[in-house]
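Below are the chains, spelled out letter by letter.
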Amino acid sequence: MNDTIKIVCEALEDIGICADFDISDLLINDLDLRDYIPDSITYIYFIISLEDKMGVVFPDQAIIFEQMSSIKGLAKAIEAMRDAETSI
């Protein structure tokens, strides 16, 4: 999950969210993405950046902001999607 959290942080940087996240701290403490993503347009850019970086496509029903609001939760969801795609 460490690599996935790192990629999530890189995607945030790609869209201009330049917070200096400490990856080791994020493994212990979660981070609420709603504190960093101010609006829906920024969120969509973030999702697009994640899809490009991770090589996954989020289904429409999976990109509800409230369901993907924490970095750990998002990392777990991405890994589950990738696992599901590789098992097909």
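Each remark here, short or long, concerns the structure printed above.
The sections below set out a description of the structure shown in this document. Remember, predicted model here, so these are calculated numbers, not experimental data.

Observations regarding the packing of helix α3 (residues 40–54) against helix α4 (residues 71–86)
For the pair α3 and α4, the least separation of the axes is 12 Å and the interaxial angle reads 45°. Classified by the angle their axes make, α3 and α4 are oblique. The two elements α3 and α4 meet at a crossing, and its hand is right-handed. Contacts between α3 and α4 involve F46, L50 and M54 from the first element and L74, I78 and R82 from the second. Taken together, the residues that form the contact of α3 with α4 break down as 5 nonpolar, no polar and 1 charged.

Notes on the packing of helix α1 (residues 2–14) against α4
Contact pair α1 / α4: the axes reach a minimum separation of 9 Å and the direction vectors enclose 110°. By the angle between their directions, the pair α1 and α4 is classed as roughly perpendicular. Seen from above, α1 lies across α4 with right-handed handedness. Residues T4, I5, V8, C9 and L12 of α1 pack against I71, K72, L74, A75, I78 and E79 of α4.

Cut-offs used in this document
By convention here, each chain's residues receive numbers from 1 onward along its written sequence. Local features in a predicted model are, by the rule used here, given only for residues with pLDDT of at least 70; side-chain atom pairs are given and counted only at 80 or more, and totals for whole chains, interfaces and linings are based on all residues. Computation of side-chain values: all heavy atoms of the structure, hydrogens and water removed. Here an angle of 0 to 180 degrees is reported between the N-to-C directions of two axes, which are lines fitted to C-alpha atoms, with helices fitted over the stretch in contact. Every helix listed is a DSSP run of H or I at least four residues long, and every strand listed is a run of E at least two residues long, numbered separately from the N terminus. Should an angle fall under 35 degrees it is taken as roughly parallel, and over 145 as roughly antiparallel, whereas 65 to 115 is taken as roughly perpendicular and any remaining angle as oblique. Whether a crossing is left-handed or right-handed is set by the direction in which the near helix is turned from the far one by less than a right angle, anticlockwise for left-handed and clockwise for right-handed. By the convention used here, residues are in contact when the closest approach between their heavy atoms is within 4.5 Å. Charged residues are taken to be Asp, Glu, Lys and Arg, nonpolar residues to be Ala, Val, Leu, Ile, Met, Phe, Trp, Tyr, Cys and Pro, and polar residues to be all remaining types, Gly included.

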